[in-house]
Each structure stands twice: as structure tokens, then as C-alpha cells.
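The chain contents come next:
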Amino acid sequence: MLMSPPGRRRQAGSVNVTRNVVPRDLADGPACRVLALLFWSGTALITFGPVLLTTAISIAWMQPITVLTPLTKVAGLQVGLIAAVVTPLYFAPGICRLARSARFALLGPVAGTIALAVLLCLKPEL
């Protein structure tokens with residue numbers, strides 16, 4: 001017969017609940033997917049919106065697209081900084097335990113803040 005450690009009573013028919021019950025993952029619900037889509041769409045709009053808008057206006061007015069060089073440098077810097085900050089956070093132990101859609105919903109505002117800060121701080125000369 002197994003002896004229980006001192007100070008603990010052995011329960012009759014005890015079952016290790018953590019091994020037998022699969023936890024329900026609430027963070028993989030539709031709300032997290034919608035939030036992730038909203039945040040990352042805003043980030044993409046902040047990052048690539050000025051480049052696409054300037055290109056469309058230049059083509060519509062038949063002007064040379066010489067203005068795009070500073071805007072593409074800013075967009076490249078935004079993408080690089082977002083990747084440099086969000087990638088280590090995505091694989092951080094505390095965030096890595098979350099569901100995938102919850103991770104994207106959590107890191108979307110971080111990416112949007114970085115993109116907006118770079119855009120406002122650099123102010124490309126047009």
C-alpha cells in the first residue's frame with residue numbers, strides 16, 4: 001500500500017484532475033479573431049497607406065513618382081521595427097501560452113503604435 005507524505009491525507013479514489021481534463025480555450029473565440037483582424041488592418045493601413053495613396057494620386061494626375069522614395073524608406077523602417085519588436089514578444093513564454101488569435105490580438109496594438117510613432121516622428125518630406 002502506498003504511504004502518503006506526512007501532513008497529507010490520502011483521499012480515496014483521487015484522480016489527477018489536471019491530466020484528465022482538457023481546458024477549454026476561450027482565447028481562440030471569434031472575438032479575438034475580429035480584434036486581431038481590426039488591429040493588424042489598422043497597422044497595415046498606417047504602414048502602407050501613404051505609399052499606396054501617393055502612388056494612386058501620382059498615376060491619376062500623370063505625375064512622376066519621385067515622391068515615393070522617402071515614403072518607401074519610412075514603410076521599410078516601420079516593417080523592420082515591427083518585426084524586431086513583435087517577433088520576440090510573440091515567442092515570449094507568457095504570450096506563447098495563449099492561443100494564436102489571442103496572441104495576434106494582443107500584439108496588434110503594439111505593432112500599430114510602432115507604425116504610428118515612426119510615421120509621426122520621421123515626417124517624410126514630400
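Residues numbered from 1 in each chain as written. Predicted model: local features only at pLDDT ≥ 70, side-chain atom pairs only at ≥ 80, totals over all residues. Heavy atoms only, no water.

A few points about the overall build of the protein
Short version of the rule: Numbering of helices and strands starts at the N terminus; helices are DSSP runs of H or I of at least 4 residues and strands are runs of E of at least 2. Residue exposure (1.4 Å probe, protein chains only): buried if accessible area is under 20% of the type maximum, exposed if over 50%, otherwise partly exposed. Residues are treated as being in contact if the distance between any of their heavy atoms lies within 4.5 Å. Computed with the Shrake-Rupley method and a 1.4 Å probe, the accessible areas treat only the protein chains shown as cover for residues.
Counting secondary structure elements, the protein contains five helices and zero strands. Expressed as a percentage of its 126 residues, the buried residues of the protein come to 24%. In the protein, of all internal contacts separated by at least 6 residues, the share reaching a separation of at least 24 is 70%. Of the accessible surface of the protein, which amounts to about 9,400 Å², a share of 70% is contributed by carbon and sulfur atoms.

Concerning helix 3 (residues 68-90)
Given 3.6 residues per turn, any residue in an α-helix points the same way as the ones three and four places further on. In plain terms, the rule: For a helix, the expected span equals 1.5 Å multiplied by the residue count minus one.
In this model helix 3 runs 31 Å from its N-terminal to its C-terminal C-alpha over 23 residues, within 8% of the 33 Å that 1.5 Å per residue would give. For helix 3, the full list of buried residues reads Leu-68, Leu-71, Val-74, Ala-75, Gln-78, Ile-82, Val-86 and Tyr-90. Structurally, helix 3 contributes buried residues whose contacts are with helix 2 (30-60), helix 4 (93-96) and helix 5 (100-122).

A short note on the confidence of the model for the protein
Close reading of the predicted structure is inappropriate where its pLDDT is low. For clarity, the cut-off: The predictor attaches a confidence to each residue, called pLDDT, with possible values from 0 through 100.
Model confidence for the protein is summarised by a mean pLDDT of 82, while 76% of its residues fall at 70 or above. Here helix 1 (residues 17-20) is the element of the protein with the lowest mean pLDDT, 54, and helix 5 is the one with the highest, 93.

Examining helix 5
Relative to the 33 Å expected for 23 residues at 1.5 Å per residue, helix 5 spans 32 Å between its end C-alpha atoms, a close match to the ideal helical length. Among the residues of helix 5, those classed as buried are Ser-101, Ala-102, Arg-103, Ala-105, Leu-107, Gly-108, Ala-111, Gly-112, Ile-114, Ala-115 and Val-118. In this structure, the buried side of helix 5 is in contact with helix 2, helix 3 and helix 4. Just downstream of helix 5 lies Lys-123, where phi reads positive at about 45°.

Quick word on the packing of helix 2 against helix 3
We apply this condition: The axes used here are C-alpha line fits, helices contributing only the stretch in contact, and every angle between their N-to-C directions lies in the interval 0 to 180 degrees. By the definition adopted for this analysis, an angle is roughly parallel if under 35 degrees, roughly antiparallel if over 145, roughly perpendicular if from 65 to 115, and oblique otherwise. By the definition used in this description, the sense in which the near helix is turned from the far one sets the handedness, with an anticlockwise turn below a right angle giving left-handed and a clockwise turn giving right-handed. Only Asp, Glu, Lys and Arg are considered charged, only Ala, Val, Leu, Ile, Met, Phe, Trp, Tyr, Cys and Pro nonpolar, and every remaining residue, Gly among them, polar.
One way to put it is that helix 2 packs onto helix 3 with a least axis distance of 8 Å and a crossing angle of 165°. Relative to helix 3, the element helix 2 lies roughly antiparallel. Relative to helix 3, helix 2 is oriented so that their crossing is left-handed. Where helix 2 approaches helix 3, its residues Trp-40, Thr-43, Ile-46, Thr-47, Phe-48, Pro-50, Val-51, Thr-54 and Thr-55 are matched on the opposing element by Leu-68, Leu-71, Thr-72, Ala-75, Gln-78, Val-79, Ile-82 and Val-86. Looking at the contact of helix 2 with helix 3, its residues break down into eleven nonpolar, six polar and no charged.

Brief notes about the packing of helix 3 against helix 5
Two elements in contact, helix 3 and helix 5, have axes whose closest approach is 9 Å; the angle formed by their N-to-C orientations is 145°. The interaxial crossing formed by helix 3 with helix 5 has right-handed handedness. Across the interface between the two elements, Val-74, Leu-77, Gln-78, Leu-81, Ile-82, Val-85, Val-86, Leu-89 and Tyr-90 of helix 3 pack against Arg-100, Arg-103, Phe-104, Leu-107, Val-110, Ala-111, Ile-114, Ala-115, Val-118, Leu-119 and Leu-122 of helix 5. In terms of residue class, the contact of helix 3 with helix 5 is made up of 17 nonpolar, one polar and two charged.

Observations concerning the nonpolar core
In plain terms, the rule: We call a set of buried Ala, Val, Leu, Ile, Met, Phe, Trp, Tyr and Cys residues a nonpolar core when their side-chain atoms join them within 4.5 Å.
Ranked by size, the top nonpolar core spans ten residues in total: Val-74, Ile-82, Val-86, Tyr-90, Ile-95, Leu-107, Ala-111, Ile-114, Ala-115 and Val-118. Looking at this core, the elements with two or more residues in it are helix 3 and helix 5. Residue contributions to this core peak at five residues, all from helix 5.

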